[in-house]
Amino acid sequence: MVLIRSIDVSPSMVNCSCAWASDYQQLSGLYHCPHTGAVITRTATLDGFEEDESHTVAFMKDSLSSLNSYGYSPHPLYAYLGWIQEFLEKGLSPKPFIISITESSAERLSEMLVTIQQFRASNSTWRSRIAVEFNSSCPNIKGHPPPSYHLPSLKPYLDVFAKAFQDDSTLTIGLKLPPYIITTQFHDLIECISSYTRTDSGNPTNPIVYFTCINTLGNSLVFADQTPTLDAKTDMSPFAVPPGLGGLAGEAIHALSLGNVYTFSRLLAESDDPAMREIVIIGAGGVTSPEAVRRMNRAGAKIVGCATLLGKEGVRAFEILSGNL
């Protein structure tokens, strides 16, 4: 069991926000899976993302790795709230939901948070069953680079979360981060987040209570002949995904993922800010075996997430990761 503010994640394994957590059936499978401790939705926007055939995924034939050109979910926020309401009202499991959200502006993100907070307030038991994760790191959105790579772009969004947390300190807020490769990136991000720490009644608290490390590695290229089969689309293109470039995931980024988890874990533990020392890390990236789960734990992740294996195996992935197969 891992307690993240008001959210109890037990067992300590989750799906990552991804294309395989998009619709009702996929969320139902994750919700009823005994090996997941929480369900994270695919990243929702206020009105839904316009998805077309250029948004797809390819799996590699030489490793359990993938390349995707996906953006955000085509389903709007209200669809996810409706589905979650149905699950929670049936009361078949105490498992919490983490709603992954993002938007093109801080103002629209604020609208999403207001809607989610109204939803949480509509039933007193749901406050400890619904959290939010800000996807600040998708590399596939044209004209909108991940704000976590440019902190002045990230701060207006963090301001929105800080205001929501000030109004309701029960709200569990996480931040999905991109792959960092330079030491200063880690230090700068922690300094930025720490600037939002406030002391109330002698207890330092921060709006952000967990990091998911890491999202996919952008600007990656995989050729069609690196995939197991060539479908009609890839027969006409030398690339595994139609745009050519996409976000790399799975075993190909596992070492980088471990490095990010380890670095954040160490720096957070050494922070002079007590609230920073309370941040929980969800480790993701190349989690394709029980051994990979243990490596994530050794690097400092208290919770482990996966996406590529989920896309390859369905919810059976979590049984594999639990070592039950």
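Refer to the structure above for everything that follows.
Counting restarts for each chain, with residues numbered from 1 along the sequence as it is written. Totals for whole chains, interfaces and linings use every residue, but because this is a predicted model, local features are given only for residues with pLDDT of at least 70 and side-chain atom pairs only at 80 or more, for both listing and counting. To get the side-chain values, all heavy atoms of the structure are used, and hydrogens and water are removed first.

Caption draft 1: Representation of the overall build of the protein chain. Within the protein chain, the regular secondary structure consists of 11 helices and 16 strands. In summary, the protein chain has a C-alpha radius of gyration of 19 Å against a globular reference of 20 Å for 325 residues, a match within 12%. Taken along the three principal axes of its C-alpha coordinates, the protein chain extends 60 × 45 × 40 Å. Only protein chains enter the accessibility calculation, which uses a 1.4 Å probe; a residue is then buried when its area is under 20% of its type maximum, exposed when over 50%, and partly exposed in between. Here the protein chain holds 325 residues, and 57% of them are scored as buried. For every accessible area listed, the method is Shrake-Rupley and the probe measures 1.4 Å; residues are considered covered only by the protein chains on display. Carbon and sulfur atoms make up 52% of the accessible area of the protein chain, which amounts to about 13800 Å² in all. Runs of E in the DSSP output that reach at least two residues are strands. Runs of H or I that reach at least four are helices, and both are numbered from the N terminus. In this setup the radius of gyration rests on C-alpha atoms only. A globule is expected at 2.2 Å times the number of residues raised to 0.38.

Caption draft 2: Expanded view of the sheet that holds strand E6 (residues 65–68). When DSSP finds two or more bridges between a pair of strands, those strands are recorded as paired. If you walk across this open sheet you meet the 4 strands as E5-E6-E14-E13, and the pairing is antiparallel. Two strands bound the open sheet, and with one partner strand each, they are strand E5 (57–59) and strand E13 (217–221). On average, each strand axis in the sheet is tilted by 40° relative to the strand beside it, whichever way the strands run. Across 4 bridges, the pairing between E6 and strand E14 (residues 245–250) is antiparallel. Bridge pairing in E14 places Ser66 opposite Ala249. Note on definitions: angles span 0 to 180 degrees between N-to-C directions of axes, and those axes are lines fitted to C-alpha atoms, for helices only across the stretch in contact.

Caption draft 3: Seen up close, the packing of helix H4 (residues 151–167) against helix H5 (residues 183–194). Two numbers describe how H4 lies on H5: the axes approach to 11 Å, and their chain directions differ by 30°. Accordingly, the angle class assigned to the pair H4 and H5 is roughly parallel. Crossing angle aside, the handedness with which H4 passes H5 is right-handed. Residues Leu151, Leu154, Lys155 and Leu158 of H4 form the contact with H5, whose participating residues are Asp188, Leu189, Cys192 and Ile193. Comment on the angle field: the value is read as roughly parallel under 35 degrees, roughly antiparallel over 145, roughly perpendicular from 65 to 115, and oblique elsewhere. Left-handed describes a crossing whose near helix is turned anticlockwise from the far helix through less than a right angle; right-handed describes the clockwise counterpart. Residues are treated as being in contact if the distance between any of their heavy atoms lies within 4.5 Å.

Caption draft 4: Focus on helix H1 (residues 24–32). Listing the buried residues of H1 in full gives Leu27, Ser28, Leu30 and Tyr31. Along the axis of H1, the buried residues cluster in a sector spanning 165°; they form a single face. Contacts made by the buried residues of H1 are with strand E3 (13–15), strand E4 (39–40), helix H2 (77–90), strand E7 (97–101), helix H10 (308–313) and helix H11 (316–321). Think of the arc as the fan of directions from the helix axis to the C-beta atoms.

Caption draft 5: Focus on the environment of Gly285. Counting through the fold element by element, Gly285 comes out in the loop between strand E15 (280–284) and helix H9 (290–299). A sequence separation of 254 residues divides Gly285 from Tyr31, and the C-alpha atoms of the two residues are 21 Å apart. In this structure Gly285 touches Gly250, Ile253, His254, Ser257, Met296 and Gly305, once residues within four positions along its chain are discounted.

Caption draft 6: Molecular detail of the nonpolar core. To define a nonpolar core, start from buried Ala, Val, Leu, Ile, Met, Phe, Trp, Tyr and Cys residues and group those joined through side-chain atoms within 4.5 Å. With 89 residues, the main nonpolar core has Ile101, Leu189, Ile193, Phe211 and Phe264 as its most contacted residues. Per element, the largest residue contribution to this core is 9 residues, and it comes from H4. Those residues in contact with Ile193 that sit more than four places away from it in its chain are Leu158, Leu175, Asn206, Ile208, Phe211, Met276 and Ile279. Counting 14 residues, the second largest nonpolar core, distinct from the first, contains Val2, Ile4, Val9 and Ala131.

Caption draft 7: How the structure looks around the packing of aromatic side chains. In summary, the pairing rule links any two rings of Phe, Tyr or Trp, Trp by its six-membered ring, whose centres are within 6.5 Å, and it sorts them by plane angle into stacked for under 30 degrees, edge-to-face for over 60 and tilted for everything else. For the coordinates displayed, the defined rule picks out 16 aromatic pairs. Aromatic side chains Tyr24 and Phe87 sit 5.1 Å apart centroid to centroid with 10° between the ring planes, which places their arrangement in the stacked category. Here the residue Tyr24 occupies a position in helix H1, and Phe87 occupies one in helix H2, the gap between them amounting to 63 residues. In this structure Tyr24 comes out as partly exposed when scored by relative accessible area, which is 21%.

Caption draft 8: Spotlight on the pairing of strand E9 (residues 173–177). Along E9, 5 of the 5 residues are buried, which leaves the element largely enclosed by surrounding structure. Neither face of E9 is open: one carries Ile173, Leu175 and Leu177, the other Gly174 and Lys176, and all of them are buried. Two elements, strand E8 (residues 130–135) and E9, share 4 bridges in a ladder whose sense is parallel. If you follow Phe134 over to E9, its bridge partner there is Leu175. A clockwise course of the path from the first strand over the helix to the second, judged with the strands pointing away from the viewer, identifies a crossover as right-handed. Following the backbone out of E8, through H4 and into the adjacent parallel E9, one traces a crossover that is right-handed.

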